[in-house]
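# Close look at the chain arrangement
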Amino acid sequence: MDKKQKKNFFIIITLGCIYFCLMIPANATGAKTPQMLSIFEVDEYAQYEHVLRMLTPGETLYQSIRNFFVYLHYFYGYPFYFFSAILLFPLKLISGSNWPDNTQTIVCWLRQTVSVLPMIAAAVMLVWISTRFKRRFLSIGLFLFLLTLPGVILNNFWWHPDSLSVFFITLVFFFLNRDQLRFGRNFYAAAAACGVAVGIKYAGLFFAAAIAVYLLSGYLLKKITWKQTVFGALRFILIMIALVVISNPLLLLPQERAEILRTQQLQFEQTGTGIFVNRHSTFLENWNLPSDIRRYYGETWCFVFALGSLVAGFFRSRTEKIRSAVLLAYLITAMSVILMAASRRLHYYLPVVLPLFAMLPNLFQTASVKHRKLFDTLLCLVLLLQGIPNLLLSVSLFRTQLSREAASPAIQLYEQVESELLPQIIQPEGRMLRVFRDWKIYFPEQDGFAVQMDWEMATLERIQAWDPDLILLEQENIRMFADPKAVSEAVDPEAMKKMHAFYASAAQDQLPGYRNVLENHFAVVFEKTSDSKLEVK
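Here's a quick rundown of the structure. (Residues numbered from 1 in each chain as written. Predicted model: local features only at pLDDT ≥ 70, side-chain atom pairs only at ≥ 80, totals over all residues. Heavy atoms only, no water.)

### Some points on the overall build of the protein chain
So the rule is basically this: Secondary structure counts use DSSP, requiring at least four H or I residues in a row for a helix and at least two E residues in a row for a strand, with both numbered from the N terminus. As defined in this context, the radius of gyration uses C-alpha atoms, and a globule is described by 2.2 Å times the residue total to the power 0.38. Two residues qualify as a contact provided that any one of their heavy atoms is within 4.5 Å of a heavy atom in the partner residue. The protein chains shown are the only cover counted for residues, whose accessible areas, like all others here, come from Shrake-Rupley with a 1.4 Å probe. For the purpose of charge, His is not counted, nor are the chain termini; Lys and Arg are scored as positive and Asp and Glu as negative. In this description, the location of a charge corresponds to atom NZ of lysine, CZ of arginine, CG of aspartate or CD of glutamate.
The helix and strand tally for the protein chain stands at 25 helices and five strands. The C-alpha radius of gyration of the protein chain comes to 26 Å, within 12% of the 24 Å expected for a compact globule of 537 residues. Each principal axis of the C-alpha distribution contributes one length, and for the protein chain these read about 85 × 50 × 50 Å. Put simply, 73% of the contacts in the protein chain that link residues at least 6 apart link residues at least 24 apart. Working note: accessible area of the protein chain is about 25600 Å², and carbon and sulfur atoms make up 63% of it. Seen as two clouds, the 50 positive and the 41 negative side-chain charges of the protein chain have centres 20 Å apart.

And the structure:
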């Protein structure tokens, strides 16, 4: 980089540091206890105990090593947990033996380092690919535009694998861009990054067609022979597979490999059909993008501009042609996979939207220095036209995040139960009060209480086995599962019949042995009325 590029790079890094710090207050909320995580992001709650266990010493050195590698939560690849644990380790050393008690600090740090930081790094690389940091206002404008997309801001607010996935996907583009059809070390570095991306969340597989296009371009432009093309593809695949295994070492252990494959099969089934109820969502709405995509990423016209920028690349230099062809192949593959999902979640689109929007400067590129300022101004206007509404929504989301504990109906319910209901319950000395709660009900673990939550939801049989003194159910779950349609639309009708029987009884206040003692728009609380077991009909 020349002096000007280095100065622009320094400005962007400084803005990235400021952005990182600005996220801290929002990411410190909603994490006072591990149970509070389930209110706002149930995925964080499911993940949290596993990363703590990874850093928990065992009775022997072998057990400690096993804790670190056998992470048990195989819905996501080991790189996510590895990086989370490694980044958490300094915090453990600083905090001392009672470090697990600092839930708020731990979770905030994980959100910042595993979600915010990789996203900043990915944005820096995308801006470099697009502008080479040569044009200051354009580079800064694009950098801020990408990081203030409301979908990106929302993703910053939780600890999840998606930012790491986007980071390694961007690394693939970065190394391919540096390789320039030389098929040297940068090409194989791209293969390594692609392998880690596959190992995190399969997103590296989106490059299947893109790498084929890249290799074919090298052959057609006589950069490599047909034989070199074939062997280059094989080497890329072998390096990628090697990195998948290296980044997921449990694949080498037969027992753990079988459990990983079983969990991933379940993951694919749930993503393709839904968890409890079959869900199928259409993408285009009257030839317009879905409302949530338009709200959290950009209006349809902005996507049209971005696609126009991609197409414009085919009429530029050879480098731009190849870049556009590779990205187009990647986007087609990625969208084909994403659209097969039963549900449409905003973070699914991060690996698509960010590389696509990074192409925006390409639409106004010109070889004429005379018109460069004019084209830069036009692009900045485009970024502002979409960027200002994005920024306003992002600020609103940030403020909501800051106040979410005070506004949480789950926390308000617990405070009401604690002040009004619990003082009236008399328990025999030495017996813990048993509480069953739905996923997003807040009831922190504490002395004198045994709190149960079931990922497979409540049924009469499970409640009978647990025999709780209090049952706290979400109104949303009651409405969903008490509806007879839930059975006919269920992924597993037999399992849904049992859930339906329980929630239908709750909806009618007819849970045998229990009575409704507290109800609001968010939840219903049932109290046990006798010592007899719940009768299952």
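Right, picking up where we left off after that structure.
### A word on helix α21 (residues 409-421)
The condition that has to hold: What a helix is expected to span follows from its residue count: subtract one and scale by 1.5 Å. Each residue is assigned to one of three classes by its accessible area relative to the maximum for its type, calculated with a 1.4 Å probe on protein chains only: buried under 20%, partly exposed between the two thresholds, exposed over 50%. Taking the helix axis as origin, the arc is that swept by the directions to the C-beta atoms. Polar contact is the term for a pair of N or O atoms within 3.5 Å; when the atoms are in protein, one must be able to donate a hydrogen and the other to accept it, and sequence-neighboring residues count only if both atoms are side-chain atoms.
In this model, α21 (13 residues) spans 17 Å end to end at C-alpha, consistent with the 18 Å of a helix rising 1.5 Å per residue. Every buried residue of α21 is accounted for by Ala410, Ile411, Leu413, Tyr414, Val417 and Leu421. The buried residues of α21 occupy an angular sector of 160 degrees when projected down its axis, which confines them to one face. Looking at the buried side of α21, the elements it contacts are α3 (37-40), α20 (404-407), β3 (470-474), β4 (514-519) and β5 (523-528). Where α21 begins, one side-chain oxygen reaches toward the backbone nitrogen of Ala410, 3.2 Å away; that side chain belongs to Ser408.

### A word on unusual backbone geometry
A positive phi angle is found at Phe133, which is not glycine, with a value near 60 degrees. With respect to the helices and strands, Phe133 occurs in the loop between α7 (103-131) and α8 (136-147). In this structure, Asp509 is a non-glycine residue whose phi angle is positive, near 55 degrees. Considering the arrangement of structural elements, one finds Asp509 in the loop between α25 (493-507) and β4. Asp509 gets classed as partly exposed once you look at its relative accessible area, which sits at 38%.

### As for helix α4 (residues 42-54)
Rule in force here: Across the chain, bend at a residue is computed as the angle between axes fitted to the seven residues ending at that point and the seven starting from it.
Maximum bend of α4: about 25 degrees, positioned at Tyr48. Taken as a whole, α4 has its buried residues at Val42, Asp43, Glu44, Tyr45, Ala46, Gln47, Tyr48, His50, Val51, Leu52 and Met54.

### Notes on the pairing of β5
Spelled out, the test is: For two strands to pair, DSSP has to find at least two bridges joining them.
Of all the six residues making up β5, six are buried; the element is thus mostly covered by neighbouring parts of the structure. Neither face of β5 is left uncovered, since the one carrying Ala523, Val525 and Glu527 and the one carrying Val524, Phe526 and Lys528 both have all their residues buried. In the sheet, β3 pairs with β5 via five bridges, with the strands oriented antiparallel. The residue of β5 that forms the bridge with Ile471 is Phe526.

### Side note on the packing of helix α16 (residues 300-312) against helix α18 (residues 350-357)
To be explicit about the condition: Here an angle of 0 to 180 degrees is reported between the N-to-C directions of two axes, which are lines fitted to C-alpha atoms, with helices fitted over the stretch in contact. Gly is put with the polar residues, along with every residue not named as nonpolar or charged; the nonpolar set is Ala, Val, Leu, Ile, Met, Phe, Trp, Tyr, Cys and Pro, and the charged set is Asp, Glu, Lys and Arg.
Contact geometry for α16 and α18: axes closest at 9 Å, N-to-C directions at 65 degrees. Contact with α16, carried on its side by Cys302, Phe303, Ala306, Leu307 and Leu310, involves Val353, Leu356 and Phe357 of α18 and no other residues of that element. When the residues that make up the contact of α16 with α18 are grouped by side-chain class, the tally is eight nonpolar, no polar and no charged.

### Quick look at the packing of aromatic side chains
As a reminder of what qualifies: Pairing of aromatic rings covers Phe, Tyr and Trp, the last counted by its six-membered ring, and requires centre-to-centre distances within 6.5 Å; plane angles under 30 degrees mean stacked, over 60 mean edge-to-face, and any other angle means tilted. In our convention, an over-ring charge means Lys NZ or Arg CZ found within 6 Å of a ring centre and within 35 degrees of that ring's normal.
Per the stated rule, a full pass over the model turns up 38 aromatic pairs. Judged by centre distance (6.0 Å) and plane angle (80 degrees), the rings of Tyr76 and Phe80 are edge-to-face. The same class applies to Tyr76 and to Phe80, which are both buried. Note on Tyr219 and Trp226: the rings are 5.3 Å apart at their centroids and 70 degrees apart in plane angle, and the pair reads as edge-to-face. For Tyr219, a relative accessible area of 32% corresponds to the partly exposed category. The ring of Phe40 has Arg404 lying over it, and the distance from NZ or CZ to the ring centre is 4.5 Å. The ring centre of Trp466 lies 4.0 Å from the NZ or CZ of Arg434, which sits over that ring.

### Description of the side chain of Ser394
Inspection of the secondary structure assignment puts Ser394 in helix α19 (residues 372-402). Given the relative accessible area of 5%, Ser394 is considered buried. With residues up to four places along the chain from it excluded, the contact list for Ser394 reads Thr148, Leu149, Pro150 and Ile153.

### Focus on the pairing of β4
Direction of pairing for β4 relative to β5: antiparallel, over a ladder of five bridges. Residue pairing across strands places Arg515 opposite Glu527, the latter belonging to β5. Taken together, β4 and the strand that follows it, β5, pair antiparallel across an intervening segment of three residues.

### Concerning a positive patch on the surface
In plain terms, the rule: Like-charged residues within 9 Å of one another, or nonpolar side chains (Val, Leu, Ile, Met, Phe, Trp, Tyr) within 5 Å, are grouped into patches, provided each residue has over 30% relative accessible area and no salt bridge. Criterion for a salt bridge: a side-chain nitrogen of Lys or Arg within 4 Å of a carboxyl oxygen of Asp or Glu.
A contiguous patch of positive charge, built from Arg178, Arg182, Arg185, Lys223 and Arg318, is present on the exposed surface. Mapped onto the elements, Lys223 comes out in the loop between α12 (208-220) and α13 (226-247).

### Quick notes on the packing of α7 against helix α10 (residues 162-179)
Definition in use: Should an angle fall under 35 degrees it is called roughly parallel, over 145 degrees roughly antiparallel, and 65 to 115 degrees roughly perpendicular, with every other angle called oblique. With the far helix as reference, a near helix turned anticlockwise by less than a right angle produces a left-handed crossing, and one turned clockwise produces a right-handed crossing.
Contact geometry for α7 and α10: axes closest at 8 Å, N-to-C directions at 20 degrees. In terms of axis orientation, α7 runs roughly parallel to α10. Handedness of the α7/α10 crossing: left-handed. Across from Val114, Ser115, Pro118, Met119, Ala121, Ala122, Met125, Leu126, Trp128 and Ile129 in α7, the residues of α10 making contact are Ser163, Leu164, Val166, Phe167, Thr170, Leu171, Phe173, Phe174, Asn177 and Arg178. Here the contact of α7 with α10 is composed, by residue class, of 15 nonpolar, four polar and one charged.

### A word on the sheet that holds strand β2 (residues 449-452)
Taken in spatial order, the five strands of this open sheet run β2-β1-β3-β5-β4, and their pairing is mixed. Only two strands of the sheet have a single partner each, and these edge strands are β2 and β4. In this sheet, adjacent strand axes meet at a mean angle of 25 degrees when their direction is disregarded. Here α21 sits on the sheet in contact with β3, β4 and β5, set at roughly 30 degrees to β5.

### A closer look at the pattern of salt bridges
All told, the structure shown has 12 salt bridges when counted by the stated rule. A salt bridge links Lys497 to Glu494; the shortest N-O distance between them is 3.3 Å. Of this pair, Lys497 and Glu494 both sit in helix α25, three residues apart, which is roughly one turn of that helix. Residue classification places Lys497 among the partly exposed residues on the basis of a relative accessible area of 42%. What makes Glu494 exposed here is its relative accessible area of 53%.

Worth remembering: the numbers are spatial, not functional.
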